[in-house]
Every structure is written in C-alpha cells, then in structure tokens.
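# Coordinates in review
Read off the chains here:
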Amino acid sequence: MSDVVVIGAGLAGLTAALRLARAGRSVTLATKGPGGLQLSQGTIDVLGYTPERVTRPLDAVAAVAPGHPYASIGADAVGSAVSWLAEALGPDLLVGDASRNYQLPTAVGALRPTALAQPSMIAGDAAGGRSYAVVGVRQLKDFPADLIAGNLARTTAPDGSRLAAHSAFIDLPARRGEADPTPLTYARAMDDEAFADRFARDVAAVAGKADVVALPAVLGVRRSGVWRQVAEVIGRDVCEIPLPPPSVPGLRLYDALLGMARAAGVRFIQGSRIVGFEAADGGTIASVTLAAAGGPRALRASSFVFAPGGFESGALDVDSHGAITEPVFGLPLTATDAGPLIPEVYWGPHPLFEVGVRTDDAGRPAGPDGAAVHPNLYVAGGIIAGAERWREKSGDGIAVATAVRAADHITGGAR
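Residues numbered from 1 in each chain as written. Predicted model: local features only at pLDDT ≥ 70, side-chain atom pairs only at ≥ 80, totals over all residues. Heavy atoms only, no water.

The name an unreviewed UniProt entry assigns to the chain is Anaerobic glycerol-3-phosphate dehydrogenase subunit B, from the organism Tessaracoccus lapidicaptus.

Written out as structure tokens, the structure reads:
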C-alpha cells in the first residue's frame, strides 16, 4: 500500500508524483500510456490568449472568470507552482518565468506566446526587429523552411517591430537509406557528437546573415547541450522550432520528469488502465482497480490524485447519443449533453472542451453543492472544467498548478 496513488503520466500526473515523493510520501503512479508530453511543444504555457494575445500571463491569470481553474488557485500560487517545476528541471531544460511570455516561432511561421521554454528556443523570441535564417533539412518533411520564413517576414512582433527572415536547406540523411525520417530520428543522430558537428557545419555554410538561425527541434534528445555545440560551430544564436509529434522537446521533459520521479522513489506502472474503485465509509476511496493482464488488481492508498487528461485522452467519454461521462469514478460533470456544446463555426469557441469536473478549493471533485464527492480524491490537469485550454494556451500552467495544489493539500503543505 502506498500513501498516494497518482493516475496519469502527463505533465499533471508526473508533477504531482514528484512533488509528493519529494515531500516524503510513498507514491505509485499508474498510467495506461506514456502521457501527452510527447505531443507537446516542450514548453510551459501559462496563459497565451484571453482571447487577446497575452504578454504578462500572471496579470491575466489574476483576471480570469470565476469558473476558470485558475480562479480558485490565484496568480501567486500559479507563479509559485511554475517556478517550482522550473527549478526542479533546471535551466538546461526550462528557462523564463510566469510573469512574461516569450513570443516564439512555430512550424508554420506564426508567433506563439509561452512562459517557460527550453534554452535552445529562446533566442527566437520575436522582438527588436529580429532577423532569422530558417534552415531546413531536405529529408525532414515536417519543417517547411520556406513557409516559416515567408510568414515570419510578414509578421509584426508584439513590440511593433517588423521581422525579417529567409530560408535555406541542407541535404543530410540521418540514417542511410531511410525514406521518411521523423524528428526523433534526427534527434537520436544528434546525440552523436560527430553527427551534430557535421550538421552544424552544413547549416553554417548555407545560413547567410541573420541574427538567429532557426532550426527544427531535433538538437538531441538525451545528450544535453547539443544546441550549444551547434551554436558554437555556426557562430551565432540558434533557436529550435518544435515540430508535429513525436515532439523531441516534449520527450526531453517527459524523460527528465519520469527520471526524477523514479529517483525520488515513485513506483511506476505503465500499460494498464484504471477501470474502477472501491469505496469505504464516509465516501472515501479505499482502492482503485487496475485492469492488469493477470486479472484486476486493487491499488490501495490513503489519498488519490486523478490526472488522466480530458477528452483527448479518453478520460471524458461521449457516446453515440452525445452523453458525456467520466467512466472511472462516475464524477459529476459541468454538462452531460454534448449536442448543444458543439458550434457550427469551427474557429469559434468550443464550449464542449470547457466541460469537466468541478473542484473545491483543495482540488477535490465537487458536486453542484460544492461539497467534495470523495474526501481523499483530488483531480489535476485536463479533467478540470472551466477552460478551453488549447485556445487559451493555458493547459500546461493548469496542469502544474493543480498538481501542486493537490500534492500540497495531501501533505499538509498548502497555504
């Protein structure tokens, strides 16, 4: 029996598990898969749009509507949680703070606001009329250097300055004879110092003159400091631009968080789904049921953190009649009929994605009356109602802040 069972290995679940373990609790983390960090940008978005572009995210957090997940946490606690994660991961993986957003180039040449980024990215922060040499690799189809440079050259930075950009390409296979390499193929090749040196020299030969050389986010997945090696050979700043999944920057965060959690003593169970629970007196959770290969197993604990994600991970289910349910604990949701929540206009707001679990101030699932449904069950991340996270660019900050809140209420460290 552990002190705490954490369900889910995304950013929220890993943050909660690490925070709990470092506070001296025995933790079991159970997950059906590796979580969503491999799908992410490898940055921490606190709040990017309200819907206007945000440059000071904590100021915007302080002004959210009452039903937003941030409202019951507060800007100071959000900032503290994000700072704790950045310090835990260290400056080789995350830099910045929640008080200011970077404006970083994307794989289509737009600018994306984010609060914390990997140090290999931040030279791309759009300000002061910066110029970019966007260098692609012919074999890597997910990095359209011409499109990125063209759109950046049409862009006005948030400070009002115009950007300049041009594109170039190198021809460098990561593995001989491979027809369709992924970003991860190149990142693994970059873990070899000799290949990274050849890559950098090829880029330097075509980059021309610009303030920053923008490259696909493939500068190593396990060997730290590849971007510094590349920048030194090229002789100027470089910035990585995240690509579609598999996300190399996301894998860096996942590997680091999972490694730290394991080092702190977290027991990790992957590949089996939590399918139910056993209740005890007073509505507390006695155990959760793991659908293991040899038959159902009960994972017992004093407290539980439920961080399974939302619709995207199957944690919230919509059946053929539009009925929305949470299938593990049967938790009450803010809406149960998907029909009225799906708009006709694709680019408009999508109220469906604000559906989720209400919480009390401690982060426990709450009914319509505000009372906790299960006194020892806490929720974190995408399962919580009140935010259209992808539109706001708030999902990472919500995951971290709600995970820290849950962990601190379990350990008694909440303020």
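### Comments concerning the overall build of the chain
Condition: Numbering goes from the N terminus for both helices and strands, where a helix is a DSSP run of H or I of at least four residues and a strand is a run of E of at least two. Two things to know: the radius of gyration comes from C-alpha atoms, and the globule rule equals 2.2 Å times the number of residues to the power 0.38. Throughout, exposure labels follow a simple rule: accessible area from a 1.4 Å probe, protein chains only, divided by the maximum for the residue type, with under 20% read as buried, over 50% as exposed, and the rest as partly exposed. Any pair of residues with heavy atoms lying within 4.5 Å of one another is described as a contacting pair.
Along the backbone of the chain there are ten helices and 17 strands. In summary, the chain has a C-alpha radius of gyration of 22 Å against a globular reference of 22 Å for 415 residues, a match within 12%. Dimensions of the chain, computed from C-alpha atoms along their principal axes, come out at roughly 70 × 45 × 45 Å. Split into buried and exposed, the 415 residues of the chain put 55% on the buried side. In the chain, once contacts between residues fewer than 6 apart in sequence are set aside, the share between residues at least 24 apart is 65%.

### A look at the domain arrangement of the chain
The criterion, for reference: What fixes the domain bounds is an automatic or database domain assignment. Summed over both partners, buried area is the accessible surface (1.4 Å probe) that two parts give up on being assembled. Salt bridge, as applied in this entry: a Lys or Arg side-chain nitrogen positioned within 4 Å of an Asp or Glu carboxyl oxygen. Two N or O atoms count as a polar contact when they lie within 3.5 Å, although within protein this holds only if one can serve as hydrogen donor and the other as acceptor, and sequence-adjacent residues are included solely when both atoms are side-chain atoms.
Per the domain assignment, the segments of the chain are domain 1 (2-92 + 251-411) and domain 2 (122-241). Each partner contributes residues to the interface: domain 1 has five residues there, and domain 2 has nine residues. With both sides pooled, the region where domain 1 packs onto domain 2 buries about 550 Å², and carbon together with sulfur makes up 43% of that total. For the interface between domain 1 and domain 2, the tally reads three salt bridges. Along the contact surface separating domain 1 from domain 2 lie five residue pairs in polar contact (both at pLDDT 80 or more).

### Overview of the packing of helix α1 (residues 11-22) against helix α10 (residues 395-411)
This is how the line gets drawn: Fitted lines through C-alpha atoms give the axes, limited to the stretch in contact for helices. The angle between two N-to-C directions lies from 0 to 180 degrees. Roughly parallel means an angle under 35 degrees; roughly antiparallel, over 145; roughly perpendicular, 65 to 115; everything else is oblique. Crossings are classed by handedness, with left-handed meaning an anticlockwise turn of the near helix from the far one by less than a right angle and right-handed meaning a clockwise turn. Residue polarity is assigned by list, with Asp, Glu, Lys and Arg as charged and Ala, Val, Leu, Ile, Met, Phe, Trp, Tyr, Cys and Pro as nonpolar; anything else, Gly included, falls into the polar class.
For the pair α1 and α10, interaxial distance at closest approach is 8 Å and the crossing angle is 30°. Regarding the angle of α1 to α10, the classification is roughly parallel. α1 and α10 meet at a crossing whose hand is right-handed. Contact with α1, carried on its side by Leu11, Ala12, Thr15, Ala16, Arg19 and Leu20, involves Asp396, Ala399, Val400, Ala403, Val404, Ala407, Asp408, Ile410 and Thr411 of α10 and no other residues of that element. Taken together, the residues of the contact of α1 with α10 break down into ten nonpolar, two polar and three charged.

### Thoughts on a nonpolar patch on the surface
The following threshold applies: Nonpolar side chains (Val, Leu, Ile, Met, Phe, Trp, Tyr) within 5 Å and like charges within 9 Å form the patches, drawn only from residues with over 30% relative accessible area and no salt bridge. Per-residue accessibility takes into account occlusion by the displayed protein chains alone, with areas from the Shrake-Rupley method and a 1.4 Å probe.
Nonpolar side chains collect at one region of the surface, where Val345, Tyr346 and Trp347 lie side by side and expose about 440 Å² of accessible area between them. Residue placement: Val345 occurs in the loop between β16 (324-325) and β17 (377-379). For Val345, a relative accessible area of 55% puts it in the exposed group.

### With respect to helix α3 (residues 75-89)
Stated formally: The span you would expect from a helix comes to 1.5 Å times its residue count less one.
Along its 15 residues, α3 runs 21 Å from first to last C-alpha, staying within 8% of the 21 Å computed at 1.5 Å per residue. All of the buried residues in α3 are Ala75, Val78, Gly79, Ala81, Val82, Trp84, Leu85, Ala86, Ala88 and Leu89. Those residues of α3 that are buried are in contact with α1, α2 (57-61), β6 (116-117), α8 (248-263) and α10. Phi turns positive, to about 85°, at Gly90, one or two residues after α3.

### Overview of the pairing of strand β5 (residues 111-114)
Let me state the cut-off plainly: The pairing criterion for strands is at least two bridges between them, as found by DSSP.
Residues of β5 alternate between two faces, with Leu111 and Pro113 on one and Arg112 and Thr114 on the opposite face, all of them buried. The sheet contact formed by strand β4 (residues 102-105) and β5 spans four bridges and is antiparallel. Bridge pairing in β5 places Pro105 opposite Leu111. Between β4 and β5, which pair antiparallel in sequence order, lie five residues; one of them, Gly109, sits at a positive phi of approximately 85°.

### Digging into the nonpolar core
Keep this limit in mind: In plain words, nonpolar cores are sets of buried Ala, Val, Leu, Ile, Met, Phe, Trp, Tyr and Cys residues tied together by side-chain atoms within 4.5 Å.
Ranked by size, the top nonpolar core spans 62 residues in total, and within it Leu89, Leu257 and Val305 carry the most contacts. At the level of elements, β1 (2-7), α1, β2 (27-31), α2, α3, α8 and α10 are the ones that each hand at least two residues to this core. In this view, Leu89 contacts Leu94, Leu253, Ala256, Leu257 and Met260; residues no more than four positions away in its chain are not counted. Residues Ala107, Leu111, Ala145 and Val212 belong to the second largest nonpolar core, which totals 45 residues.

### Here's the deal with the environment of Phe353
The topology assignment puts Phe353 in the loop between β16 and β17. Accessibility expressed as a relative area gives 31% for Phe353, which makes it partly exposed. For Phe353 and Ala387, which are 34 residues apart along the polypeptide, the C-alpha to C-alpha distance reads 7.3 Å. The contact partners of Phe353, leaving out residues within four places of it in the chain, are Phe311, Ala387, Glu388, Arg389 and Trp390.

### So, the side chain of Gln103
Within the fold, Gln103 resides in strand β4. Here Gln103 is in contact with Arg53, Val54, Thr55, Leu111, Arg112, Pro113, Gly124, Asp125, Ala126 and Pro158, once residues within four sequence places are set aside.

### Things to note about α10
Here α10 contains 17 residues, and its C-alpha end-to-end distance of 24 Å stays within 8% of the 24 Å for a straight helix at 1.5 Å per residue. Gly412, located one to two residues past α10, shows a positive phi value of around 85°.

### A few points about the sheet that holds strand β10 (residues 237-241)
Pairing is parallel in the open sheet, where four strands are placed in the order β8-β7-β9-β10. The two strands at the open ends of the sheet, each matched to only one other strand, are β8 (164-170) and β10. The mean inter-strand angle of the sheet, taken between neighbouring strand axes irrespective of direction, is 25°. Both strand β9 (residues 212-216) and β10 contribute to a ladder of five bridges, which runs parallel.

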